[in-house]
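If you want the building blocks of each chain, they are given just below.
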Amino acid sequence: MPRDTDDGERPTSGTDGHVPVEVSVGADTDEQPSVESNTRIDIIVDRESYPTARLDDGRYVAWWFTADAPEPDAAVTSEWVTAPTRFLAAGTLHELWENPAAFDSLTAQG
């Protein structure tokens, strides 16, 4: 059940309402995500499958690839989204692929 707040606004999970989501493109960084072994689960978003895995720090990563997806730390993997949940990571990656201008805008800011 939602709780009330003094200012009438919806409560948030963080103090500022910010959910940390990172978008990375391999060309922008030499560092690949460090994942826990055997944590890969493919998540379906709008009939598209996105592989996800748990990172060593407890967050989740989703990555994109056109064929059978390699591991996220494989050299061929070049684009991934990191978020607090695997569903948020996969959903964000899906939204960015549905709107290439947004994806280009975010990756250009890095």
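This text follows the structure it describes.
Residues numbered from 1 in each chain as written. Predicted model: local features only at pLDDT ≥ 70, side-chain atom pairs only at ≥ 80, totals over all residues. Heavy atoms only, no water.

## So, the overall build of the protein
Looking only at helices and strands, one finds two helices and five strands in the protein. Helices and strands in the protein line up, N terminus first, as β-β-β-β-β-α-α. Taken over 110 residues, the protein has a buried fraction of 32%. The long-range share in the protein, meaning contacts at least 24 apart out of those at least 6 apart in sequence, stands at 50%. Approximately 7400 Å² of the protein is accessible, and the part contributed by carbon and sulfur atoms is 47%. (Helix = DSSP H or I, 4+ residues; strand = E, 2+ residues; numbered from the N terminus. Buried < 20%, exposed > 50% of the residue type's maximum accessible area, 1.4 Å probe, protein only. Contact = heavy atoms within 4.5 Å. Areas by Shrake-Rupley, 256 points an atom, 1.4 Å probe, with all protein chains shown as cover.)

## Here's the deal with the side chain of Thr82
Among the structural elements, Thr82 can be located in strand β5 (residues 79–83). Not counting residues up to four positions away in its chain, the partners in contact with Thr82 are Pro20, Val21, Glu22, Leu55, Arg59, Tyr60 and Val61.

## A closer look at the side chain of Arg86
On the secondary structure map, Arg86 appears in helix α1 (residues 86–98). For the buried Arg86, which has no salt bridge, the nearest side chain bearing the opposite charge is Asp42, at an N-O separation of 7.7 Å. The residues contacting Arg86, other than those within four sequence positions of it, are Thr39, Arg40, Ile41, Ile43, Thr52, Ala53, Arg54 and Tyr60. (Lys, Arg positive; Asp, Glu negative; His and termini not counted. Salt bridge = Lys/Arg side-chain N within 4 Å of Asp/Glu carboxyl O.)

## A word on the environment of Tyr50
Within the secondary structure, Tyr50 is located in strand β3 (residues 48–54). Look at Tyr50 and you get buried, because its relative accessible area is 4%. Taking the C-alpha atoms as reference, Tyr50 lies 6.6 Å from Trp63; in sequence the two are 13 residues apart. Apart from the residues within four sequence positions on either side, Tyr50 is in contact with Ile41, Asp42, Ile43, Val45, Trp63, Trp64, Ala90, Leu93 and His94. A polar atom in the side chain of Tyr50 sits 2.9 Å from the side chain of His94. (Polar contact = N/O pair within 3.5 Å; in protein donor to acceptor, adjacent residues only side chain to side chain.)

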